[in-house]
Amino acid sequence: MRYIAFAVALSPAATAQAVAGDWKPYGNARYNYWIDVPGDFSAIEESANGDGGTAQSPDGNAKLAVWGSYPSEGRFAKK
């Protein structure tokens, strides 16, 4: 089973602008996930290991970071 962790840090102004604008898709081949990125943000720059990447708002005041990971053995309770 795959588990994916996402972290998104957006300023309130960037969020308000993103809601009004177009969004563009980003797909990650390594972990097979997709997200939508605000249309005015830069393209996501992939990390060297291909687990995700970052994008920035046009003014550089907001940054979006996304990545995927498999859980380490024993980190989740088994039912």
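Residues numbered from 1 in each chain as written. Predicted model: local features only at pLDDT ≥ 70, side-chain atom pairs only at ≥ 80, totals over all residues. Heavy atoms only, no water.

1. Let's talk about the nonpolar core
In terms of nonpolar packing, the biggest core is built from 11 residues, these being Tyr 26, Tyr 31, Tyr 33, Ile 35, Val 37, Phe 41, Ile 44, Ala 55, Ala 62, Leu 64 and Val 66. Only β3 (33-38) and β6 (63-67) provide two or more residues apiece to this core. (Core = buried A, V, L, I, M, F, W, Y, C linked by side-chain atoms within 4.5 Å. Buried < 20%, exposed > 50% of the residue type's maximum accessible area, 1.4 Å probe, protein only. Helix = DSSP H or I, 4+ residues; strand = E, 2+ residues; numbered from the N terminus.)

2. Some words on the confidence of the model for the protein
Of the residues in the protein, 66% reach a pLDDT of 70 or more, and the chain-wide mean stands at 80. Taking the mean pLDDT of every element in the protein, the minimum, 46, falls on strand β1 (residues 6-9) and the maximum, 97, on strand β5 (residues 52-56). (pLDDT = per-residue confidence, 0-100.)

3. A word on the side chain of Asp 51
Locating Asp 51 in the fold gives a position in the loop between β4 (45-46) and β5. In this view, Asp 51 contacts Asn 28, Arg 30, Tyr 31, Tyr 33, Val 66, Trp 67 and Gly 68; residues no more than four positions away in its chain are not counted. (Contact = heavy atoms within 4.5 Å.)

4. A short note on unusual backbone geometry
One non-glycine residue, Asn 32, adopts positive backbone phi at about 55 degrees. Mapped onto the elements of the fold, Asn 32 is located in the loop between β2 (23-28) and β3. By relative accessible area, Asn 32 is classed as exposed at 55%.

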